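Results of the structural survey
Chain by chain, the residues run as shown.
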Amino acid sequence: MNTTTMKGDWNIMKGKLKQKWAQLTDDDLANVDGKTDELIGRIQKRTGETRDAVEKALRESEKEECNC
């Protein structure tokens, strides 16, 4: 995941993350602000998904965003 991309499109990304993982709270996302490792950890904690699954979902979301 590209940290620069996450920081630039953070508000859009937050909405998509909440759509995918409804268990995430505003507090979970408020303090992450583009820090990839922290984001992955919070998603894992809330959802119980593996790190690989979370990273894959984030990469797919990033690809959708840039239409790559």
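Described in the following lines is the structure provided in the data block.

1. Considering the overall build of the protein
Of regular secondary structure, the protein possesses 5 helices and 0 strands. Secondary structure elements of the protein, listed N to C terminal, follow the sequence α-α-α-α-α. Going through the 68 residues of the protein one by one, you find that 29% of them count as buried. A fraction of 45% describes how many contacts in the protein between residues 6 or more apart in sequence connect residues 24 or more apart. Carbon and sulfur atoms form 43% of the exposed surface of the protein, whose accessible area is close to 4,400 Å².

2. Brief notes about the nonpolar core
Within the largest apolar cluster, 13 residues are counted, with the highest numbers of intra-cluster contacts made by Trp10, Leu17, Trp21, Leu39, Ile43 and Leu58. Among the secondary structure elements, those contributing two or more residues to this core are helix H2 (10-20), helix H4 (36-47) and helix H5 (51-66). Once residues within four sequence positions are removed from consideration, Ile43 is found in contact with Leu17, Trp21, Leu24, Gly48, Val54 and Leu58.

Thresholds, definitions, all that
Residues numbered from 1 in each chain as written. Predicted model: local features only at pLDDT ≥ 70, side-chain atom pairs only at ≥ 80, totals over all residues. Heavy atoms only, no water. Helix = DSSP H or I, 4+ residues; strand = E, 2+ residues; numbered from the N terminus. Buried < 20%, exposed > 50% of the residue type's maximum accessible area, 1.4 Å probe, protein only. Contact = heavy atoms within 4.5 Å. Areas by Shrake-Rupley, 256 points an atom, 1.4 Å probe, with all protein chains shown as cover. Core = buried A, V, L, I, M, F, W, Y, C linked by side-chain atoms within 4.5 Å.

Don't take any of this as a statement about function, it's just geometry.
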